[in-house]
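Observations on the model geometry
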Amino acid sequence: MLRLLIGGRFLPNHKSNYFPNILSSGRFLHTQTSSDDSWTNNNNRELNIDLLFHSCTKTHLAKRLHALLIVLGKVQSLFISTRLVNLYANLGNISLSQQTFDQIPQKDVYTWNSMISAYVHNGAHTDAITCLYKMLTFEVKPDFYTFPPVIKACRDINNGKRIHAWISKTGLEWDVFVAASLVHMYCRFGIFDAAYGIFTNMPFRDMGCWNAIISGFCQNGKGKKALEILDEMKFEGIKLDSVTVSTVLPICAQMDDMSQGRLIHLYVIKHGLESDLFVGNAFINFYAKFGELENSQKFFDNLVTRDLVSWNSIISAYEQNGNPDRALWFFREMQKDGFAPDLLTLVSVASSIAQSRDTRGSKSVHSFILRRFWFVKDVIIGNAVVDMYAKLGNVENARELFERILIKDVVSWNTMITGYGQNGLASDAIEVFQNMVEKNFVTPNQGTWASIIPAYALIGALKEGQKSHSNVLKTGLILDLYIGTCLIDFYGKCGKVKDAMLLFDEVPKTNSVPWNAVISCLGIHGHGETCLKLFENMIESGAHPDAITFISLLSACSHSGLIEQGEQCFNAMEKDYGIKPGLKHYGCYVDMLGRAGELEKAYDFIKSMPLTPDASVWGALLGACRIYGNTDLGKVVSDKLLEVDEGNVGYYVLLSNIYANAGKWEGVNRVRLMANEKGLKKTPGWSSVEIDKRMEVFYTGNYSHSKCDEIYKELEDLMMKIKVIGYVPDYSFVLQDVEEDEKERILMSHSERLAIAYGIISTPPKTVIRIFKNLRVCGDCHNATKFISKVTEREIVVRDSNRFHNFKDGVCSCGDYW
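Residues numbered from 1 in each chain as written. Predicted model: local features only at pLDDT ≥ 70, side-chain atom pairs only at ≥ 80, totals over all residues. Heavy atoms only, no water.

Here we look at the packing of aromatic side chains
According to the stated counting rule, one finds 36 aromatic pairs in the structure shown. Ring geometry for F144 and Y145: centres 4.8 Å apart, planes at 45°, overall tilted. Since its relative accessible area comes to 34%, F144 is described here as partly exposed. Summarising the aromatic geometry, the rings of F570 and Y586 are spaced 5.4 Å apart at their centres and angled 65° between planes, so their arrangement reads as edge-to-face. Remark: Y586 occurs in helix 34 (residues 583-595) and F570 occurs in helix 33 (residues 563-577); sequence separation between them is 16 residues. Residue F570 shares its accessibility class with Y586, and that shared class is buried. Taking NZ or CZ as reference, K107 lies 4.9 Å from the ring centre of F101, over its face. The ring of F504 has K509 sitting right over it, with the charged end atom 4.7 Å from the ring centre. (Phe/Tyr/Trp six-rings, centres within 6.5 Å; stacked < 30°, edge-to-face > 60°. Buried < 20%, exposed > 50% of the residue type's maximum accessible area, 1.4 Å probe, protein only. Helix = DSSP H or I, 4+ residues; strand = E, 2+ residues; numbered from the N terminus. Lys NZ or Arg CZ within 6 Å of the ring centre and 35° of its normal.)

Written as structure tokens, this is what we have:
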């Protein structure tokens, strides 16, 4: 009796029913008889081998078939044995595939090709190359099926070049499939000259070859060359297919080449490719990149069939263009249509929830991902949820999830740094960056610098930011548009206007981003006229202004008192550049009128707005009411303001200050009581100064500093000196009903004065002192600092929440207009 040990079980003799459904079902036989005689010793029953192979969907069934074929003596056939090699490989069992291959005594090229393909199919790339070299050792002549899979398996260029040499010896270099594989390989290793040389020398190029060279250049950032080859392809009369279109469109989007994309769209319409799935998906993404959601929607609607990519593309299109509600609607429709979301779906959904400020939805998404263990599967989804929480202002949950990500990539660190920065927690952002570099030894990339440099700018950490600038120079990223722009913004916010302008001259100015940064930088320093001149230069250079450009311009005009020019900019937005003013533009315009004392005009302007005023618009007018002491209008404006944003403690403080300045202490008490009843607490004023690479932070009335006695002694001496040359305390800025001597003590303990005094006692004479304050500098501190700069012969640079003040020789750069 013949018995074979297969998979831990014995295969009995041929009469048993071990192989289920094979002997009993007529589906596997060409003829069916009622005889119970052995089907191995007569010819009236013959097994359907093809059907048996196709029926083996599991490894254990393949083993049984293998055993059966051994019993029948079929494995002596080279064709059957090779089929077994392929069967095991397709089932993912490369070990059994190799064992079967090794047992074949005489192998032909088909058998060797099958084993090479088996290795490649199962990711055993080194084994595939080794198998090829063995084949050549045995002097088996390869054919054009041998090389394409093994070329795909090459993981280093040296092996690739050796294989190319063998291809040349065998005369297969110009076979269309082999040549296309070589093109792909050289593109993958970035050797584009070799790839293009092979392509141009091919005697015949089919559609696959054209797609191979175009795809190779596209995937390696050589979009311009890819489009040139596309033009060459059209010139030779080769028709684009769905692969060509879906390969080229992303490159058109990356290069901002809308016209090329539209030409391809016309071609697609002409040749009836609009409803093709791959083409439709590519166009959804292409038009979304340019904000043309109507066209994205049309392609989505025209798709005869949709796959998960289609749904992900349309969801992402709306999410990336600031329409989160529509994105979430498509997410629900996708599920109704029977499609289960994948990781990419949830990345877009998480971003949409963050945009829509849906705190409840964020918890649902988090739970959905947790139940499927996706945080373990892919770091991308973890990064997306960290980003979602950070954008919702929930930095505690963001940090908790960040710490739970087992294997963090550089994007994980960048996301957490950005999250803290976006929420004004610059010190925490810097702490995460230090952990990333010093403890985890993660190399910063472009995204890291774009995240950490704004954090340094936020607190004015000049020396740390300069160190980052040095590192950026070493990595060659200084000419990167966004890194350069971050550095312009950094130097501008640190008061180093000259350095900002020098960087602006160096960075590429291909779009509005660097122009916006430098206009904003000069605007907060009060250089309004220069900002307007830069805007003219921007237009002449061919850069197109955007909404942010006009926010920067209007803000610059506001800080410089350029009312007429500001009005001209506001009117030119829509008339000359087709940009509809948004609420931020209206807020800047109101702020400009308010600073100039045009309170009634600003109020009338708000009432005539085509948009419903938000907190930023009413807040700008309330701030002006405080400056000019208009309590009546202030009360009206505050009522409007609290209707749209009753939870912002800053507006209660502004109204309280208006009453305090007018001596209406009952009004002060009433407003404070309202804020207390709502559980709102005033944001404490603080000022920081950087001494010896260390940021020292002072709060108003602070007595806890280690050099507290020295600081207050220096302040007392300064007050005596500046009174001699004309300083008179302005008690209207003390918002408490106390005696005059107490008011003077309160003024002296303001956070900016403590920081200035500490800077004076901690640095050599005539050293520049740079102060950063989270609130607006009060009028008395502004006046006192002018006198301090004169008696100490110091330059004192103060950045408050509104703008920069450069005090020197008793004069401020703002001209007392802020």
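What follows picks up the thread again.
Quick notes on the nonpolar core
Counting 201 residues, the largest nonpolar core has F283 and L621 as its most contacted members. With nine residues, the top contributor of residues to this core is helix 9 (residues 176-188). Within the second largest apolar cluster, 32 residues are counted, among which are I756, C778, I788 and W818. (Core = buried A, V, L, I, M, F, W, Y, C linked by side-chain atoms within 4.5 Å.)

Topic: helix 28 (residues 481-493)
Residues spaced three or four apart along an α-helix point in a common direction, a consequence of the helix completing one turn every 3.6 residues. End to end, helix 28 covers 18 Å across 13 residues, agreeing with the expected 18 Å (1.5 Å per residue, within 8%). Counting buried residues in helix 28 gives ten out of 13 residues, a clear majority hidden from the surface. Taken together, the buried positions of helix 28 are L481, I483, G484, T485, C486, L487, I488, F490, Y491 and G492. Considering only its buried residues, helix 28 is in contact with helix 26 (446-459), helix 27 (462-475), helix 29 (497-506), helix 30 (513-524) and strand 7 (804-808). One side-chain oxygen at the N-terminal end of helix 28 lies 3.0 Å from the backbone nitrogen of Y482; it belongs to D480. Where helix 28 ends, the next residue or the one after it, G495, has phi of about 80°, a positive value. (Expected span 1.5 Å × (residues − 1). Contact = heavy atoms within 4.5 Å. Polar contact = N/O pair within 3.5 Å; in protein donor to acceptor, adjacent residues only side chain to side chain.)

Digging into the packing of helix 15 (residues 277-289) against helix 17 (residues 308-320)
Across the interface, helix 15 lies against helix 17 with an axial gap of 9 Å and an inter-helix angle of 10°. Between helix 15 and helix 17, the angle is such that the two are roughly parallel. In this structure, helix 15 uses L277, N281, I284, N285 and A288 to contact helix 17, whose residues at the interface are V309, S310, S313, I314 and A317. Here the residues of the contact of helix 15 with helix 17 sort into six nonpolar, four polar and no charged. (Axes fitted to C-alpha atoms, helices over the stretch in contact; angles between N-to-C directions. Parallel < 35°, antiparallel > 145°, perpendicular 65-115°, else oblique. Nonpolar A, V, L, I, M, F, W, Y, C, P; charged D, E, K, R; others polar.)

A few points about the pattern of salt bridges
Inspection of the entire model under this criterion finds 25 salt bridges. D780 is paired through a salt bridge with R753; the nearest N and O atoms lie 2.2 Å apart. Taken together, the residues span a long stretch of sequence, with D780 in helix 43 (residues 779-791) and R753 in helix 42 (residues 751-762) at a distance of 27 residues. Given the relative accessible area of 2%, R753 is considered buried. Within the structure, one salt-bridge network assembled from shared partners comprises R399, E403 and E431. (Salt bridge = Lys/Arg side-chain N within 4 Å of Asp/Glu carboxyl O.)

Description of the pairing of strand 5 (residues 769-773)
The two faces of a sheet get side chains in turn, since along a regular strand they alternate between them. Most of strand 5 is tucked away, with five of its five residues classed as buried. Of the two faces of strand 5, the one carrying I769, I771 and K773 and the one carrying R770 and F772 are both buried. Strand direction decides the pairing type here: strand 5 and strand 6 (residues 796-799), joined by four bridges, are parallel. Looking at the pairing, I771 lines up with V798 of strand 6. Traced from strand 5 through helix 43 to strand 6, the parallel crossover comes out right-handed. (Pairing = 2+ DSSP bridges. Right-handed = clockwise from strand over helix to strand, strands pointing away.)

Looking at the environment of P613
Within the fold, P613 resides in the loop between helix 35 (599-607) and helix 36 (615-628). Between the alpha carbons of P613 and Y651 there is a distance of 15 Å; along the sequence they are 38 residues apart. Once you skip the residues sitting within four places of it in the chain, P613 turns out to touch L583, I606, W618 and V644.

Considerations on the sheet that holds strand 7
Reading across from one edge, 4-3-5-6-7-8 is the order of the six strands in this open sheet, with mixed pairing throughout. In this open sheet, the two edge strands, each paired with only one partner strand, are strand 4 (694-699) and strand 8 (811-812).

A few points about the UniProt feature "repeat: PPR" (unreviewed entry) in the protein chain
As recorded in UniProt, the sites labelled "repeat: PPR" (unreviewed entry) are residues 108-142, 206-240, 307-341, 409-443, 511-545 and 546-581. The distance separating the terminal C-alpha atoms of residues 108-142 is 10 Å; by composition the span is 74% helix and 0% strand. Secondary structure across residues 409-443 divides into 77% helix and 0% strand, with the first and last C-alpha atoms of the span separated by 10 Å. (UniProt positions renumbered as here; feature names shortened; annotations may be inferred.)

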